[in-house]
Amino acid sequence: MSLLLPALAIIVGFALLIWSADKFVLGASNTARSFSISPLIVGVVIVGLGTSAPEMLVSAMAAADGKTGLSIGNAIGSNITNVGLMLGLTAIFYPLQIHSKLLKREMPVLLVIIGLSYFLLWDQHLSFLNGLALLIMMFAMLAFTVYEAKSHGEDTLPQEILDEMPEEVGKSEALKWLVIGIVVLIVSSRVLVWGATEVAEYFGVSDLIIGLTIVAIGTSLPELAATVAAARKKEFDLAVGNIIGSNIFNILGVMAFPGLIHPDKFDIEVLTRDYPVMISLTLALMLFSIAWRKGKTGLLGRFEGFLLLSAYIGYMFWLFKDMQASAGA
């Protein structure tokens with residue numbers, strides 16, 4: 001088969017994913033408002049889930065097709081891309097000062113979540129029970145995040161979340177965009193998964209590699225847009241918070257789908273190569289962002305951003321070498 005059609009499917013799939021995720025958030029947030037749900041809950045839960053909707057739908061579609069490697073690669077690759085590429089690039093252009101105490105608490109929580117998921121996957125098998133455990137932890141984390149945001153009125157992050165709420169629209173228009181957003185998300189996810197699978201088969205590489213690279217970068221584009229927009233407005237806590245929240249959803253939500261839909265074994269490289277990189281980048285982000293001396297502000301500056309971006313580029317070269325080795329074998 002020619003590579004033109006699968007490549008076009010990937011490009012169109014990404015474009016529709018980004019557009020539909022935005023419309024889904026617009027519709028879902030305004031529908032929730034019409035039922036008098038707290039704006040902060042809408043901002044934390046619905047908007048937060050909305051930015052991870054592309055990863056979740058792609059993961060679900062890939063799992064339904066039996067492509068567990070692509071699903072897992074998408075979840076882990078998106079986390080690596082979010083920190084190394086997206087946040088690294090943003091920090092180079094807009095040095096980020098971290099003030100929020102909530103954010104500084106969420107970073108260690110993210111590390112713990114990554115550690116727990118690594119423990120669940122230690123047997124190199126993503127089972128139904130693993131997926132269920134991850135999903136339960138996601139809902140628990142959502143409840144904890146809302147509680148934390150409500151109980152810290154002086155913290156900067158909750159206000160920045162409220163300031164970035166989608167525009168208000170009428171109930172009928174909100175429902176319209178909610179339905180359209182969901183439908184287009186599903187269709188574009190299906191198109192993207194098909195294109196990515198065809199490209200993987202054409203080049204003779206694994207679904208895992210495609211999920212870690214092409215699919216992860218594409219589904220992370222909404223996070224890049226949200227992070228850069230927040231940084232330009234000097235909403236630095238929100239810029240980093242978008243990434244932390246997305247990475248938590250990716251591990252607990254996106255990773256849950258292949259276990260729930262198509263339990264299967266996966267390549268050992270997930271545990272020996274990809275997880276260590278994800279853990280290292282997350283730990284580096286935490287060390288860069290948390291001010292260890294009392295009264296100091298955490299800073300993710302240009303130098304730190306350059307280090308994160310360099311680590312990401314190095315990881316891409318590592319994957320490329322592994323792809324060459326697989327092709328040679």
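Because the structure is a prediction, the values reported are computed rather than measured.

1. Description of the overall build of the protein
Helix and strand counts for the protein stand at 14 helices and four strands. Residues classed as buried in the protein amount to 54% of the 329 residues present. In the protein, 88% of the contacts between residues at least 6 apart in sequence involve partners at least 24 apart. Element-wise, carbon and sulfur atoms account for 68% of the exposed surface of the protein, whose accessible area totals about 14300 Å².

2. Concerning the side chain of Ser59
Locating Ser59 in the fold gives a position in helix 3 (residues 53-64). On the basis of relative accessibility, which here comes to 0%, the residue Ser59 falls in the buried class. Beyond its immediate sequence surroundings of up to four residues, Ser59 is in contact with Ser71, Asn74, Val254, Phe257 and Pro258.

3. Here's the deal with the environment of Leu309
Turning to its location among the elements, Leu309 is positioned in helix 14 (residues 302-328). Counting along the chain gives 217 residues from Leu309 to Ile92, while the straight-line C-alpha distance between them is 9.1 Å. Setting aside its immediate chain neighbours within four residues, Leu309 contacts Gly84, Leu85, Gly88, Leu89 and Ile92.

4. A few points about the environment of Pro54
Tracing the chain through its elements places Pro54 in helix 3. Taking relative accessible area as the criterion, Pro54 reaches 1% and is therefore assigned buried. Measuring from C-alpha to C-alpha, the distance between Pro54 and Ser220 comes to 8.1 Å, with 166 residues separating the pair along the chain. Aside from chain neighbours lying at most four places away, what touches Pro54 is Leu17, Ala21, Leu185, Thr219 and Pro222.

5. A closer look at the confidence of the model for the protein
On average, residues of the protein score 83 in pLDDT, and 86% of them reach the 70 mark or higher. Mean pLDDT per element in the protein: helix 7 (residues 156-163) is the minimum at 64, and strand 2 (residues 125-126) is the maximum at 94.

6. As for the packing of aromatic side chains
Pairs of aromatic rings are described using the distance from one ring centre to the other and the angle between the two planes. Counting across every chain of the model gives four aromatic pairs. The interplanar angle of 50° and the centroid separation of 5.6 Å between the aromatic rings of Tyr118 and Trp122 together place this pair among those described as tilted. Judged by its relative accessible area of 58%, Trp122 falls in the exposed class. Put simply, the rings of Tyr118, Trp122 and Tyr275 touch in pairs and so form one group of aromatic residues. Above the face of the Trp177 ring, Lys23 is positioned so that its terminal group lies 4.6 Å from the ring centre.

7. A few points about helix 10 (residues 221-232)
Relative to the 16 Å expected for 12 residues at 1.5 Å per residue, helix 10 spans 17 Å between its end C-alpha atoms, a close match to the ideal helical length. Within the span of helix 10, buried status applies to Pro222, Glu223, Thr227, Ala230 and Ala231. Burial along helix 10 is one-sided: seen end-on, the buried residues are contained in an arc of 160°. More than 90 degrees from the buried face of helix 10, the exposed residues found are Ala225 and Arg232. Phi turns positive one or two residues past the end of helix 10, at Lys234, with a value near 65°.

8. Regarding the pattern of salt bridges
With the rule as written, the count across this model stands at four salt bridges. Arg190 is the salt-bridge partner of Asp65, the closest N and O atoms lying 2.6 Å from each other. Of this pair, Asp65 sits in the loop between helix 3 and helix 4 (68-93) while Arg190 sits in helix 8 (residues 171-203), placing them 125 residues apart in sequence. You can call Arg190 partly exposed: its relative accessible area is 35%. One salt bridge in this structure joins Arg273 and Asp322, with 2.7 Å as the shortest N-O distance. With Arg273 in helix 13 (residues 269-289) and Asp322 in helix 14, this pair connects stretches of sequence that are 49 residues apart. Through salt bridges with shared partners, a single ionic network connects Arg273, Asp274 and Asp322.

Conventions used here
Residues numbered from 1 in each chain as written. Predicted model: local features only at pLDDT ≥ 70, side-chain atom pairs only at ≥ 80, totals over all residues. Heavy atoms only, no water. Helix = DSSP H or I, 4+ residues; strand = E, 2+ residues; numbered from the N terminus. Buried < 20%, exposed > 50% of the residue type's maximum accessible area, 1.4 Å probe, protein only. Contact = heavy atoms within 4.5 Å. Areas by Shrake-Rupley, 256 points an atom, 1.4 Å probe, with all protein chains shown as cover. pLDDT = per-residue confidence, 0-100. Phe/Tyr/Trp six-rings, centres within 6.5 Å; stacked < 30°, edge-to-face > 60°. Lys NZ or Arg CZ within 6 Å of the ring centre and 35° of its normal. Expected span 1.5 Å × (residues − 1). Arc of directions from axis to C-beta. Salt bridge = Lys/Arg side-chain N within 4 Å of Asp/Glu carboxyl O.

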